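So you can see what is in the structure, the chains are spelled out below.
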Amino acid sequence: MGETAELQRIRDVQEIIDLTITYCWAVDSRQWNELGSIFEPDAEAVLGRTRVSGLIAISDHCRRSLEVLDVSQHLVGNHQVSLESDLATCRCQLIAQHRREGTTGGSSWLVGGSYEDQLRRTKVGWRISQRVLRIAWTEGNRDVLGCP
């Protein structure tokens, strides 16, 4: 691999990692419009117990799940990125804190797991075409989300 190709690979990997971080900032700051710079319009996602299709459905699901909270904090790390031309996979570990004061049964729900993403290079940069949230463990009260 030549130096130019290696530099492009490094840029691609960093852009993909940045995308996973941008998602966390977007949902935690309730900036739903930013999800359009993260997901493809026809993206598919499995988020917890819910499967959604399309950017609008993903954004609506995130909004419904998180707007009821006082605060959330999603932290990602240990990224592994594999590139194959204009396609990529990325997996990263996740810890997400969800809080809503006064919820019967406790005010906090903590989730540990991973995001497993399929990505595609587009004219405007890398975008997630498929995301799967794999929950490894939880602690606390899921009812803080206010959904069944």
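Refer to the structure presented above.
Numbers given for residues are sequential positions, taken from 1 along each chain in its written order. Since the coordinates come from a predicted model, pLDDT governs what is reported: local features require at least 70, and pairs of side-chain atoms require 80 or more to be given and counted, while whole-chain, interface and lining totals use all residues. Side-chain measures here rest on the full set of heavy atoms in the structure, leaving out hydrogens and waters.

## Thoughts on the pairing of strand β6 (residues 125-140)
Regular strands place their side chains on alternate faces of the sheet.
Part 1 of the reasoning: We call two strands paired when DSSP finds no fewer than two bridges between them. Going along the chain from the N terminus, every DSSP run of H or I of four or more residues is numbered as a helix, and every run of E of two or more is numbered as a strand. Sheet topology note: the strand β1 (residues 39-47)/β6 ladder contains four bridges and is parallel. Looking at β6, one finds that Phe39 is bridged to Ile128.
Part 2 of the reasoning: Bridging between strand β5 (residues 108-122) and β6 involves 14 bridges; their strand directions are antiparallel. Looking across to β6, one finds that Leu110 is bridged to Glu139.
Part 3 of the reasoning: From the end of β5 to the start of β6, which pair antiparallel, there are two residues.

## A closer look at the nonpolar core
Part 1 of the reasoning: Ranked by size, the top nonpolar core spans 32 residues in total, and within it Tyr23, Leu35, Ile38, Phe39, Ile58, Cys62 and Leu119 carry the most contacts.
Part 2 of the reasoning: Top contributing element to this core by residue count: helix α1 (residues 3-28), with six residues. What is meant by a nonpolar core is a set of buried Ala, Val, Leu, Ile, Met, Phe, Trp, Tyr and Cys residues, joined one to another through side-chain atoms within 4.5 Å. A simple rule labels every residue: compare its accessible area, found with a 1.4 Å probe on the protein chains alone, to the largest value its type can have, and call it buried under 20%, exposed over 50%, or partly exposed in between.

## Side note on the environment of Leu75
Part 1 of the reasoning: Take Leu75: it is sitting in strand β3 (residues 71-84).
Part 2 of the reasoning: Assessed through its relative accessible area of 47%, Leu75 is described here as partly exposed.
Part 3 of the reasoning: Spatially, the C-alpha atom of Leu75 lies 16 Å from that of Asp117, the residues being 42 residues apart in sequence.
Part 4 of the reasoning: By definition, residues are in contact when any of their heavy atoms lie within 4.5 Å. Ignoring any residue separated from it by four or fewer positions in sequence, one finds Leu75 in contact with Gln93, Leu94 and Ile95.

## Brief notes about unusual backbone geometry
Part 1 of the reasoning: The residue Arg30 is not glycine, and still its phi comes out positive at about 60 degrees.
Part 2 of the reasoning: In this structure, Arg30 sits in the loop between α1 and β1.
Part 3 of the reasoning: Phi is positive for Asn78, close to 55 degrees, though the residue is something other than glycine.
Part 4 of the reasoning: Checked against the element boundaries, Asn78 lands in strand β3.
Part 5 of the reasoning: Judged by its relative accessible area of 58%, Asn78 falls in the exposed class.

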